[in-house]
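Understanding the architecture of this molecule
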Amino acid sequence: MINEEYNYWLSNIDGIGPRKIELLRNTFGSAKEVFHASRKELIKRIEKTKREEPIRFFNSDIERVVNSRDEEKIHRDFSRLKEQGIQFVTKEDKEYPERLRPVDNAPFALYIKGKLPDNQQKAIAIVGARECTPYGMEITRYLAGALAREGVVILSGMARGIDSYAHIGALKAGGITCAVLGCGIDICYPRENDRLYLEIQKDGAVLSEYAPGIQPLAGNFPMRNRIISGLSDGILVIEAKERSGSLITVDMGLEQGKEIYALPGRITDSLSVGCNNLIKMGAKPITSAKDILEDLFANYKVTPISGNMNSLPSWLQPEEQLVCQCLGMEPLHLEVLCGKTGLPVNQLMEILLKLELQGMIRQPMKNYYVLDKTN
């Protein structure tokens, strides 16, 4: 077997996680040496190492190592990775993300579809509620797009809600986004994100520490959050309940020394409790992309496209300007908009259709309109 196949084998032994892999590599020097060590040698050398490193390694773990040595299966499974266009990267490779190396319990191996961004590129993780509000959806698209236009990589987990809209906002702005999965790299979860899964790979990457075929089990997702936070320069939380899963990412980010940002919300909204609590504990409140960009880039200067959410094109007709000025990121119903503008409903509908075709506005729900800030 080649070296990559030995590493592939070591990273896929059932019940042997990153810490135990590290113990084996530190003890034997390489995956190849672990593969060829006898049961007696494994027991002897691991017992000696355990006295120096407080890691639980049981006899059952040794049996798993020994019983998984199937060269034919290892070669067959590893060959399938290339057939599926999957890149296999380990800590031994220069392609392994530098930001992940110092992370506690960092994955030994990653499976990648697409291309990881340069280590020097700034990156922000955007996380939040799966069942987000239309406002949360719009503000996520806007902020992700504004950051992406400035060359910031947008990281998230491709889950429903805020994660998905973070990726969408970055893609629409022509930026780079990366999704960290909580399942096998070949599985698109949730299934409705199949198009997004493919779009992300064109300029960015979909990655996972889980080998092809691993199902999206609940326990996988808290683990993948350390990768999302580890790859980032900071974490932005948009809409989170008091006990939101997004706060797990924040906790991991704090342990890793990352900057934490949060979108403030109304104190009566349950989806704002988590964000407001983060702000009380010291997270930086975000009201525009500038609040993050000025931290990422020294001497950052606001550009109209990233710093001004209210600027409108001069080529809009007066009635179109009026409609756009009445719209924001909170969806407005047609009847409410009719009252605000004072325009007859037939004329208003014509203007709305024209603005929608021009990409100035969108309908997140039927007869509800928002200004498209990613435009």
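Residues numbered from 1 in each chain as written. Predicted model: local features only at pLDDT ≥ 70, side-chain atom pairs only at ≥ 80, totals over all residues. Heavy atoms only, no water.

Notes on the layout of surface pockets
Where empty space is left can be seen by rolling a probe of water-molecule size over the atoms. As a reminder of what qualifies: Lining residues are defined by having an atom within 4 Å of a point belonging to a cavity or pocket. Those points lie on a 1 Å grid over the protein atoms alone, cavities being sets where a 1.4 Å probe fits but cannot get out and pockets being open sets with protein on both sides within 12 Å along at least five of seven lines. Grid points are joined across faces, edges and corners, and a volume is the space filled by probe spheres set on the points. The nonpolar class holds Ala, Val, Leu, Ile, Met, Phe, Trp, Tyr, Cys and Pro. Asp, Glu, Lys and Arg form the charged class, and all remaining residues, Gly among them, are polar.
Estimates place the volume of the largest pocket at around 490 Å³. In this structure, the largest pocket is lined by 20 residues; those nearest its centre are Ser11, Ile16, Gly17, Glu209 and Tyr210. A breakdown of the residues in the lining of the largest pocket according to their chemical character gives 12 nonpolar, six polar and two charged.

So, the pairing of strand E8 (residues 259–262)
Worth spelling out the cut-off: Strands pair, by our definition, only if DSSP identifies at least two bridges between them. Comment: elements are numbered from the N terminus, with helices defined as DSSP H or I runs of at least four residues and strands as E runs of at least two. Assignment of crossover handedness uses the view with strands pointing away from the viewer, where a clockwise path from the first strand over the helix to the second indicates a right-handed crossover.
Two strands pair when backbone bridges link them, and strand E7 (residues 234–238) and E8 are joined in this way by four bridges, in the parallel orientation. In the strand pairing of E8, valine 237 is matched with alanine 262. Viewed along the sheet, the connection from E7 through helix H11 (residues 246–255) into E8 turns out right-handed. Inspection of the sheet shows E8 paired to strand E9 (residues 284–285) by two bridges, in the parallel sense. Each bridged residue has a counterpart across the sheet, and for alanine 262 the counterpart in E9 is proline 285.

Here we look at the packing of aromatic side chains
The line we're drawing: Put simply, two rings from Phe, Tyr or Trp (the six-membered ring, in Trp's case) pair if the centres are within 6.5 Å, and we call them stacked under 30 degrees between planes, edge-to-face over 60, tilted for the rest. Each residue gets one of three labels from its accessible area relative to the maximum for its type: buried under 20%, exposed over 50%, partly exposed in between, using a 1.4 Å probe on protein chains only.
Scanning the model with the defined rule gives eight aromatic pairs in all. Here tyrosine 8 and phenylalanine 78 contribute two aromatic rings whose centre-to-centre distance is 5.7 Å and whose plane-to-plane angle is 65°, an arrangement assigned as edge-to-face. A residue pair is termed long-range when its members are at least 10 positions apart, and tyrosine 8 in helix H1 (residues 3–10) and phenylalanine 78 in helix H6 (residues 71–83) qualify at 70 residues. Look at tyrosine 8 and you get buried, because its relative accessible area is 9%. Summarising the aromatic geometry, the rings of phenylalanine 78 and phenylalanine 88 are spaced 6.0 Å apart at their centres and angled 90° between planes, so their arrangement reads as edge-to-face.

Structural notes on the pattern of salt bridges
The test is simple: In what follows, salt bridge is the name for a side-chain nitrogen of Lys or Arg lying within 4 Å of a carboxyl oxygen of Asp or Glu.
By the definition in use, this model includes 25 salt bridges. The shortest N-O distance in the salt bridge between aspartate 61 and arginine 64 comes to 2.8 Å. Pair noted here: aspartate 61 and arginine 64 are both in helix H5 (residues 59–67), with a separation of three residues, about one helical turn. A residue is classified by how much of its surface remains accessible, and arginine 64, at 33% relative accessible area, is partly exposed. Between glutamate 209 and arginine 226 there is a salt bridge; the shortest N-O distance is 2.7 Å.

As for helix H16 (residues 334–341)
Going by this rule: Each direction from the helix axis to a C-beta atom contributes to the arc, which is the arc of those directions.
Every buried residue belonging to H16 is among Leu334, Leu337 and Thr341, and all of these are buried. When H16 is viewed along its axis, its buried side chains cluster within an angular range of 60° and face the same direction. Those residues of H16 that are exposed and aimed more than 90 degrees away from the buried face are Glu335 and Gly339. Of the residues trailing H16, glycine 342 is marked for its positive phi of about 75°.

Considerations on the side chain of threonine 140
To be explicit about the condition: The criterion used for residue contact is that any of the two residues' heavy atoms lie within 4.5 Å.
Here threonine 140 shows up in helix H7 (residues 134–149). Accessibility expressed as a relative area gives 0% for threonine 140, which makes it buried. Not counting the four nearest positions on each side in its chain, threonine 140 is found in contact with Ile126, Ile162, Tyr165, Ala166 and Ile238.

Notes on the sheet that holds strand E10 (residues 332–333)
Spelled out, the test is: Fitted lines through C-alpha atoms give the axes, limited to the stretch in contact for helices. The angle between two N-to-C directions lies from 0 to 180 degrees.
With antiparallel pairing, the three strands of this open sheet are ordered in space as E10-E12-E11. Looking at which strands have only one partner, the edges of the open sheet turn out to be E10 and strand E11 (361–365). Pairing of E10 with strand E12 (residues 368–371), which is carried by two bridges, proceeds in the antiparallel orientation. The residue of E12 that forms the bridge with histidine 333 is tyrosine 368. Across the sheet, H7 is in contact with E11 and E12; its angle to E11 comes to roughly 140°.

A look at the nonpolar core
Rules: By nonpolar core we mean a set of buried residues, namely Ala, Val, Leu, Ile, Met, Phe, Trp, Tyr and Cys, connected to one another through side-chain atoms within 4.5 Å.
Counting residues in hydrophobic clusters, the biggest one holds 41 residues, and the most contacted among them are Leu24 and Leu42. Elements with a minimum of two residues in this core: H1, helix H2 (18–28), helix H3 (31–36), helix H4 (39–50), H5, H6, strand E2 (109–114) and helix H9 (194–203). Counting 30 residues, the second largest nonpolar core, distinct from the first, contains Val103, Cys178, Cys275 and Ala283.

So, helix H15 (residues 318–326)
Within H15, burial applies to Glu320, Gln321, Val323 and Cys324. Along the axis of H15, the buried positions cluster into a sector of 165°, meaning they face one direction only. Of the exposed residues in H15, the ones pointing more than 90 degrees away from its buried face are Pro318 and Gln325. Summarising the contacts, the buried residues of H15 are in contact with H16, helix H17 (345–357) and E12.

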